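Residue-level structural notes
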Amino acid sequence: MDHRRHRKLDRILFGEEFPDVHKYLDSTCKTSGKYHRSDFVHSPISAIIYGLLAKDKQIERILSGLFHILADELKLEPLVDLLDSLLLFININNTKTNKVRSKR
């Protein structure tokens, strides 16, 4: 899954993005290619260690890393895109509803 979708998943789950987590987990992609997912760096233990070493939002970074790995393994691109579209639709409808209420 590309980093744009990983960041979308972050926004859906945590309300913010953790691009540093995704950059770290995929850091061996240039040298290992499609096999980078079998490297230690792209592993749950590595995601946990990276999160624990972070200065802030350690739990969120750990979970972001674990969901990154899970999304890659399960090929969740279509689901992430669908959830993102649904949330956008809900936000647009809520905005319209709030504007109608404020006019009354």
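Small disclaimer: the values here were computed from a predicted structure and weren't measured.

Things to note about the environment of H68
- One can find H68 in helix 5 (residues 58–74).
- Expressed as a C-alpha distance, the spacing of H68 and D10, which sit 58 residues apart in the sequence, is 8.9 Å.

Remarks on the nonpolar core
- Judged by nonpolar contacts, F18, V21, L25, A47 and I69 together constitute the single largest core of five residues.
- Apart from residues no more than four positions distant in its own chain, V21 is found in contact with Y50, R61, S64 and G65.

Things to note about the pattern of salt bridges
- Overall, the coordinates contain eleven salt bridges when judged by the stated rule.
- Close ionic contact of R5 with D81 constitutes a salt bridge, the shortest N to O distance being 2.9 Å. Of this pair, R5 sits in helix 1 (residues 3–14) while D81 sits in helix 6 (residues 77–103), and the two are 76 residues apart along the sequence.
- Given the relative accessible area of 23%, D81 is considered partly exposed.

Comments concerning unusual backbone geometry
- Positive phi values are uncommon outside glycine, yet K57 reaches one of about 50°.
- Mapped onto the elements, K57 comes out in the loop between helix 4 (44–53) and helix 5.
- The phi dihedral of K75 is positive, around 50°, even though this residue is not glycine.
- Judged by its relative accessible area of 58%, K75 is exposed.

Thoughts on the packing of aromatic side chains
- Enumeration according to the criterion identifies two aromatic pairs in this entry.
- A centroid spacing of 4.6 Å and a plane angle of 15° characterise the contact between Y24 and Y50, whose relative ring orientation is stacked. Residue Y24 is located in helix 2 (residues 19–25), and its partner Y50 is located in helix 4; the two are separated by 26 residues in the primary sequence.
- Its relative accessible area of 23% is what places Y50 among the partly exposed residues.

Parameters at a glance
Position numbers for residues start from 1 in each chain and track the written sequence from start to end. Since the coordinates come from a predicted model, pLDDT governs what is reported: local features require at least 70, and pairs of side-chain atoms require 80 or more to be given and counted, while whole-chain, interface and lining totals use all residues. The basis for every side-chain value is the complete set of heavy atoms in the structure, and neither hydrogens nor water enter the calculation. A run of H or I in DSSP becomes a helix once it reaches four residues, and a run of E becomes a strand once it reaches two; helices and strands are each numbered from the N terminus. Throughout this description, the term nonpolar core refers to a set of buried Ala, Val, Leu, Ile, Met, Phe, Trp, Tyr and Cys residues connected via side-chain atoms within 4.5 Å. The cut-offs for exposure are 20% and 50% of the maximum accessible area for each residue type, with area from a 1.4 Å probe on protein chains only; residues under the lower value are buried, those over the upper are exposed, and the others partly exposed. Contact definition: two residues touch when any of their heavy atoms are within 4.5 Å. Take a side-chain nitrogen of Lys or Arg and a carboxyl oxygen of Asp or Glu: if they are within 4 Å of each other, that pair is a salt bridge. Note on ring pairs: Phe, Tyr and Trp rings are taken, using the six-membered ring of Trp, and paired if centres are within 6.5 Å. Classes follow the plane angle, with under 30 degrees stacked, over 60 edge-to-face and the rest tilted.

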